[in-house]
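Given next are the chains, with one letter for each unit.
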Amino acid sequence: METDRVLSDAFLASHPAEAAREIERHPPPAIGEFLCDCSADDLARVVTAMNPAVAASVLGAIKVSHAAGIVAALPPGAASVLLRRMPADVRRLILEGMPPQAAARVRRQLHYPAGSAGALLDPDVLTAAPDLTVADVRQRLGRADLRVHSHLFVVDTSGVLRGVLALGELLKAAPDARVGAVACREVDAIPATAGREAIETHPGWRDLHTPPVVDESGRLLGVIRHAALLTLAAERSQPAGTSVAEAALALGELAWLAGVGVAGELADAFLARAARGGKTPVGH
């Protein structure tokens, strides 16, 4: 596949969903050639918009070093979805080829069963130690992408969740106050082992639109975003085992976890399908 005839770099960046559809029209060897011809960072948005079965198959067949680079460029949740679809030996080689920190984050999510809160969570959260001042945290926030964050989670030196503070409240707090003192300490966290029903009905959705997920020791692992509910709704709306349900489940998860928002109509279609089945995701 001659990549310059198929997609320009601008098209890859601006229209990942359309780029994915174009790529998928080609046979797997040609797709593999295309993936190896582009940088991992440029491909991350496109790979998350591809049919997950196709993406996993092709990534598992190309050179391990390049596949590892692409997977490492994905958010851990998206990477874990693809790796779950690969043979164990291929998955191991790709993880070994990734930077240690990136591999560790993905392994943490692979530790939990598919469909559990631990597998669906987004680990990209804002955290701060309880003894930091509000002024210190505000300064740190200048380096964060606040488009995807609405709350600051307070964790101790062991990573245990101790409180939560809305960013709006942080801006109102006294600069010399300690964030541990001004944060809300009553937090309904979702256990990482929670399954579909427990996630959808968890009381944490009443207070936060991204409730935290913790392990058995109370350590903060990440948050559950609305896209995870979309994923669960898509799974429930089709009979298990059908290709449509499988693609809807994985693609819905991958698209949002990667932060790409593949297409508004994709989300609308999944929600409408769930509504027709008599189910509406909690928190929408």
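Our subject is the structure that appears above.
Each value, and the rule that gives it
- Just so you know, the residues in each chain are numbered from 1, in the order the chain's sequence is written.
- Confidence filtering applies because this is a predicted model: local features only for residues at pLDDT of at least 70, side-chain atom pairs given and counted only at 80 or more, and all residues used for totals across whole chains, interfaces and linings.
- Computation of side-chain values: all heavy atoms of the structure, hydrogens and water removed.
- Where helices and strands are cited, they refer to DSSP runs of H or I of at least four residues and of E of at least two residues respectively, numbered from the N terminus.
- Summary of the burial criterion: residues with accessible area below 20% of their type's maximum are buried, those above 50% are exposed, and those between are partly exposed, where the area comes from a 1.4 Å probe applied to protein chains only.
- We get accessible surface area from the Shrake-Rupley algorithm with a probe of 1.4 Å; when it comes to residues, only the shown protein chains can shield them.
- Just to be clear on terms, a salt bridge is a Lys or Arg side-chain nitrogen sitting within 4 Å of an Asp or Glu carboxyl oxygen.
- In this description, a line fitted to the C-alpha atoms serves as the axis of each element, helices being fitted only across the stretch in contact, and the angle between N-to-C directions of two axes falls anywhere from 0 to 180 degrees.
- Any angle that is under 35 degrees is reported as roughly parallel, and any over 145 degrees as roughly antiparallel; angles of 65 to 115 degrees are reported as roughly perpendicular and all others as oblique.
- Any two residues whose heavy atoms approach within 4.5 Å at even a single point are treated as in contact.
- When residues are grouped by polarity, Ala, Val, Leu, Ile, Met, Phe, Trp, Tyr, Cys and Pro land in nonpolar, Asp, Glu, Lys and Arg in charged, and all others, Gly among them, in polar.
- Note: two strands are recorded as paired if DSSP finds a minimum of 2 bridges between them.
- It is the rotation of the near helix from the far one that decides the hand of a crossing: anticlockwise by less than a right angle makes it left-handed, clockwise makes it right-handed.
- The term polar contact refers here to a pair of N or O atoms within 3.5 Å; inside protein, the definition further demands a hydrogen-donor-capable atom paired with an acceptor-capable atom, and it admits residues adjacent in sequence only when both atoms are side-chain atoms.
- Only buried residues count toward a nonpolar core. Its members are Ala, Val, Leu, Ile, Met, Phe, Trp, Tyr and Cys residues joined through side-chain atoms within 4.5 Å.

A. Structural context of the overall build of the protein chain. A count of helices and strands for the protein chain gives 18 helices and six strands. Counting across all 284 residues of the protein chain, residues that qualify as buried make up 47%. About 13500 Å² of surface is accessible on the protein chain, with carbon and sulfur atoms providing 51% of the total.

B. Expanded view of the pattern of salt bridges. By the definition in use, this model includes six salt bridges. Between D156 and R162 there is a salt bridge whose closest N-O contact spans 2.9 Å. In this structure R162 comes out as partly exposed when scored by relative accessible area, which is 45%.

C. Representation of the packing of helix α3 (residues 16–24) against helix α5 (residues 40–49) in the model. Where α3 contacts α5, the axes come no closer than 8 Å and their chain directions differ by 70°. Comparing their axes, α5 and α3 come out roughly perpendicular. Taken together, the residues of α5 that come into contact with α3 (itself represented by P16, A17, A19, A20, R21 and I23) are R45, V46 and A49. Looking at the contact of α3 with α5 residue by residue, the class counts come to seven nonpolar, no polar and two charged.

D. Just the side chain of D215, in detail. Here D215 is to be found in the loop between β5 (212–214) and β6 (220–223). D215 sits in the buried class, given a relative accessible area of 10%.

E. Here's a closer look at the pairing of strand β3 (residues 161–166). As paired elements, strand β2 (residues 151–155) and β3 share five bridges and run antiparallel to each other. What sits directly across from V154, in β3, is G163. Hairpin connection of β2 to β3: five residues between the antiparallel strands, including G159 at a positive phi of 85°.

F. Region of interest: the pairing of β2. Most of β2 sits out of view: five of its five residues are buried. Here β2 shows two buried faces, one formed by H151, F153 and V155 and the other by L152 and V154.

G. Representation of the packing of α5 against helix α7 (residues 64–73) in the model. Running from amino to carboxyl end, α5 crosses α7 at an angle of 65°, the nearest separation of the two axes being 8 Å. Taken together, the axes of α5 and α7 are roughly perpendicular relative to one another. Crossing angle aside, the handedness with which α5 passes α7 is right-handed. Residue-level inspection shows A40, D41, L43, A44 and V47 of α5 in contact with α7, the latter providing G69, I70 and A73.

H. Spotlight on the side chain of H202. Looking at the element boundaries, H202 is found in the loop between α15 (196–200) and β5. Within the local environment of H202, its side chain forms a polar contact with the backbone nitrogen of G204, the two atoms lying 2.9 Å apart. In contact with H202, not counting residues within four places along its chain, are D188, A189, I190 and P191.

I. Structural context of the nonpolar core. Core analysis: the largest hydrophobic core is formed by 35 residues, its most contacted members being L35, V47, L59, I70, I94 and M98. Listing elements by their share of this core, those giving two or more residues are α3, α4 (28–37), α5, α6 (52–59), α7, α8 (76–84), α9 (88–97) and α10 (100–110). The element that contributes the greatest number of residues to this core is α5, accounting for six residues. Counting residues in each nonpolar core, the second largest holds 15 residues, with V134, L141, V154 and L167 among its members.

J. Fine view of the sheet that holds β6. Strand order across the open sheet formed by three strands is β4-β5-β6, with mixed pairing between neighbours. If you trace the sheet from one side to the other, it starts and ends with β4 (190–191) and β6, each paired once. Sheet topology places β5 next to β6; three bridges connect them, and they run antiparallel. Its bridge partner lying in β6, V214 is registered against L220.

K. Region of interest: the sheet that holds β3. Spatially, β1-β2-β3 is the arrangement adopted by the three strands of the open sheet, whose pairing is mixed. Looking at the sheet topology across the chains shown, the edges are occupied by β1 (126–128) and β3. On average, adjacent strands in this sheet sit at an angle of 30° to one another, irrespective of strand direction. Looking at chain direction, β1 and β2 are connected through three bridges and run parallel. Considered in β2, the bridge of A128 is made with V154.

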